[in-house]
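# What the coordinates show
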Amino acid sequence: SALGYTIDLITYPLGEPIDVPGVRVIRVWKPLGLKRIKIGPSAPKLLMDFFMIFVALGCLMRRRYDAIHSHEEAVFIAATLAAIFRVPHLYDMHSSLAQQLDNWKQSYAPLVRGLAHRMEAWAIHRSDALITICPALTEYVTKVAPSKPQVTIENAATIAGDSGAAHVSALRQKHGLANNPCIVYTGNFEPYQGVELLLEGFVPVYQARKDARLVIVGGREAEIAQKRAWAKEHGVEEGIVFVGTVKPEEVEGYLALADMLSSPRVSGTNTPLKLYAYLKSGKPIVATDLYTHTQVLSPEVARLAKPEPAAYGAAMLELLNDPSLARRIGEAGRKLADKEFSETTYRERVAQVYGLLWKAAGCAA
């Protein structure tokens, strides 16, 4: 939109209305009784993707588009329609759909994974250009299609929210945090996120620093109840604040109240999108020393720890006990974000990939 394009955005029926200049949001039909969309494959997603075929087909029959920009599994719809209507196609690849199935344990999983890898390779080859969001995906696409035009664009856009001193003070009062040093985690409770590692690592932290508080932003009620029971069993219930799910614009306030931010992810290769907001906040980060983090983070901008409770806890405690080190790491992270993950850089790379798209498709920009 900022580059001067006008867009028809076809998306799912849930979510709040948004207003972006030059963007018309077209929502597919809502299945009866649908209230939320869970992470990962599901029957409601398949049904809505089926609806998306007809909505996209209707748009293409009524208007002539310069390009189709597809995201995630919508690539299979978009690549097919792009070939039929002879429209350049850009694949916005935020993850490898095939790799997501690699840890699937069903008896027929190998057959499904094999099919998924072949389908994903087909989609990559059928795209005129690609966006990848981290080096791991860039390497994967290069391996599948070495000559395919692609640009790595980290998904570093953040949603502005209230992070002023008065708002932070109100959040501290709301959660009974007073002047407690706070370790903040934001995200869901899916196994790959490593919430269990974070909780186990916090036990020795709380034993050494009774004033420390672990603030967990995210999770559904049933998940929180389970984790709260675990915390009580291990004697750290008083040290943990479960905030629950909040609106995206509310997250910035919790980043602002943090003395330290945590990303305990234990599997996967994609960079967690929250890392970019973490870096921009200027707060020190503790993360697992895995490629999912190290393709962006280094020891200069984060404290990296082995994905083991003792090591992770020791890293958190080190930063709590050494405020000057924490400040240096946080400031280095902010400088990295300002240089590599700014809005200006984001727009420049979007313009770059569209230039590659037009060139690959033999079109004028």
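Scroll up to find the structure.
To start, this report covers the structure provided alongside it. Every chain is numbered on its own, with residues counted from 1 as its sequence reads. Selection of residues for local features in this predicted model requires a pLDDT of at least 70, selection of side-chain atom pairs for listing and counting requires 80 or more, and totals for whole chains, interfaces and linings are taken over all residues. Just so you know, side-chain values use all the structure's heavy atoms and leave hydrogens and water out.

With that settled, the discussion passes to a nonpolar patch on the surface. On the surface, a nonpolar cluster with roughly 510 Å² of combined accessible area is contributed by Leu3, Tyr5, Ile7, Leu9, Ile18, Val20 and Val25. Categorising residues by exposure relies on relative accessible area from a 1.4 Å probe, with only protein chains included: less than 20% of the type maximum marks a residue as buried, more than 50% marks it as exposed, and the intermediate range marks it as partly exposed. For Val25, a relative accessible area of 30% gives the class partly exposed. Here a patch means residues that are over 30% exposed by relative accessible area and free of salt bridges, tied together within 9 Å if like-charged and within 5 Å if nonpolar (Val, Leu, Ile, Met, Phe, Trp, Tyr). For every accessible area listed, the method is Shrake-Rupley and the probe measures 1.4 Å; residues are considered covered only by the protein chains on display. The rule for a salt bridge is simple: a side-chain nitrogen of Lys or Arg has to be within 4 Å of a carboxyl oxygen of Asp or Glu.

Notably, Glu72 is not glycine yet its phi reads approximately 50°, a positive angle. Helix and strand assignments come from DSSP, with helices taken as H or I runs of at least 4 residues and strands as E runs of at least 2, each series counted from the N terminus. Note that Glu72 resides in the loop between β3 (68–71) and α2 (75–85). Here Glu72 falls in the buried class, since its relative accessible area comes to 15%. Of note, Arg86 is a non-glycine position whose phi angle comes to about 55°, a positive value.

What follows is about the sheet that holds strand β10 (residues 260–263). Strand-to-strand pairing in sheets goes through backbone hydrogen bonds, with the strands running parallel or antiparallel. Here we have six strands laid out as an open sheet, ordered β9-β8-β7-β10-β11-β12, and parallel in their pairing. Taken across any chain shown, the strands that pair with only one partner, and hence form the sheet edges, are β9 (240–244) and β12 (303–305). Between one strand axis and the next, the sheet turns through 20° on average, direction left out of account. Two strands are counted as paired when DSSP detects at least two bridges linking them. Pairing geometry for strand β7 (residues 182–186) and strand β8 (residues 213–217), over five bridges, is parallel. Paired with Tyr185 across the two strands is Ile216, which belongs to β8. Any two residues whose heavy atoms approach within 4.5 Å are treated as being in contact. Interaxial angle, 0 to 180 degrees, is taken between N-to-C directions of lines fitted to C-alpha atoms, where a helix line uses only the stretch in contact. Docked against the sheet, helix α9 (residues 274–281) engages β7, β10 and β11 (285–288), running at close to 165° with respect to β10.

Looking now at the pattern of salt bridges. Applying the stated criterion across every chain yields a total of 12 salt bridges. Between Lys247 and Glu16 there is a salt bridge, and its shortest N-O distance comes to 3.9 Å. Placement of Lys247 in the loop between β9 and α8 (251–257) and of Glu16 in the loop between β1 (7–11) and β2 (23–27) is noted, with a sequence separation of 231 residues between them. Owing to a relative accessible area of 42%, Lys247 belongs among the partly exposed residues under this scheme. Note that Glu331 and Arg334 form a salt bridge whose closest N and O atoms lie 3.5 Å from each other. Pair noted here: Glu331 and Arg334 are both in helix α12 (residues 323–340), with a separation of three residues, about one helical turn.

In short, geometric facts, not functional conclusions.
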